[in-house]
Amino acid sequence: VQYDGQIGVDLNRNFSFQWRAFSYSRRKPFNLPGTHPFSEPETAALRRLVSKIGKLTALLDIHQSGSVLLMPYAHKWRRMPSPYSRWHKRIGKYLTEANRYRVWRARRLYPHYGTLGDWAFARHKAVSFVLELGRTRYLHRHAMKQVYQENQLLLERFTDLVVQPFARIDRLWKKRRSRRATHQ
């Protein structure tokens, strides 16, 4: 229980980029981002891990539900600086070819601050996505296998892009354009 009587902290609101205290409800306080950025042991540990790694190139934060792949920014409507916005769109389209998930800016859902995805991009210029799995809020055991299968190619492609993701997506995009040009 936090000092203000609220229960728990939403760890995905506890990162330093654009962190702020906020309330989900106007009637009574419901402050979930923690008392300050990295106030929780889990987020502090993740920050230490990333600093030990040195160069974070890609991050895929997996949630449920929504059948959507979200790219930064979650806290505002403004797009990422060029060319990152273009690269994220291309990577998103490439990743979602098999599962046909939509690719949106995270802010389209609702404004949220202090997220892992925004922090990874803003602090490290990493390819950063949030994968919202499945169509229902809670996956039952029988649905888990189907959700895994529909996202298996996305996970494999993302893993392949981890080393130099922006350069690799540019090469992939150029190959696809040249193949399309020769088939026309």
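Before reading further, recall that the structure is shown in the block above.
Because the structure is a prediction, the values reported are computed rather than measured. (Residues numbered from 1 in each chain as written. Predicted model: local features only at pLDDT ≥ 70, side-chain atom pairs only at ≥ 80, totals over all residues. Heavy atoms only, no water.)

A.B. asks: Quick rundown of the nonpolar core? Include the residues and the values.
C.D. replies: Core analysis: the biggest nonpolar cluster contains 23 residues, and Ile91, Leu95, Val127 and Phe129 have the highest contact counts within it. Elements represented by at least two residues in this core include exactly strand E2 (68-71), helix H2 (84-95), strand E4 (127-133), helix H4 (141-161) and helix H5 (165-183). Per element, the largest residue contribution to this core is five residues, and it comes from H2. Formed by nine residues, the second largest nonpolar core is a distinct cluster that contains Phe15, Phe38, Leu56 and Ala126. (Core = buried A, V, L, I, M, F, W, Y, C linked by side-chain atoms within 4.5 Å. Buried < 20%, exposed > 50% of the residue type's maximum accessible area, 1.4 Å probe, protein only. Helix = DSSP H or I, 4+ residues; strand = E, 2+ residues; numbered from the N terminus.)

A.B. asks: Quick rundown of unusual backbone geometry? Include the residues and the values.
C.D. replies: With an omega dihedral of 10°, the bond running from Pro72 to Tyr73 counts as a cis peptide bond. Structurally, Tyr73 can be placed in the loop between E2 and H2. Phi is positive for Gln18, close to 60°, though the residue is something other than glycine. With respect to the helices, strands and loops of the structure, Gln18 is situated in the segment before helix H1 (41-53). Positive phi outside glycine occurs at Arg100, with the angle close to 60°. Its location among the elements puts Arg100 in the loop between H2 and strand E3 (102-105). Classification of Arg100 as exposed rests on a relative accessible area of 72%.

A.B. asks: Give me the lowdown on H2, citing residues and values where you can.
C.D. replies: A rise of 1.5 Å per residue sets the reference length of H2, with its 12 residues, at 16 Å; its end C-alpha atoms lie 16 Å apart and thus fit the reference within 8%. With nine of its 12 residues buried, H2 lies for the most part within the structure. The set of residues buried in H2 consists of Tyr84, Ser85, Trp87, His88, Arg90, Ile91, Gly92, Tyr94 and Leu95. At its buried positions, H2 is contacted by E2, E3, helix H3 (116-124), E4, H4 and H5. (Expected span 1.5 Å × (residues − 1). Contact = heavy atoms within 4.5 Å.)

A.B. asks: Talk me through the packing of H2 against H4; I want residue IDs and the actual numbers.
C.D. replies: At a minimum axis separation of 9 Å, H2 and H4 run at an interaxial angle of 140°. Accordingly, the angle class assigned to the pair H2 and H4 is oblique. Contacts between H2 and H4 involve Ile91, Tyr94 and Leu95 on the former and, on the latter, Leu154, Arg157, Phe158 and Leu161. Considered class by class, the residues forming the contact of H2 with H4 number six nonpolar, no polar and one charged. (Axes fitted to C-alpha atoms, helices over the stretch in contact; angles between N-to-C directions. Parallel < 35°, antiparallel > 145°, perpendicular 65-115°, else oblique. Nonpolar A, V, L, I, M, F, W, Y, C, P; charged D, E, K, R; others polar.)

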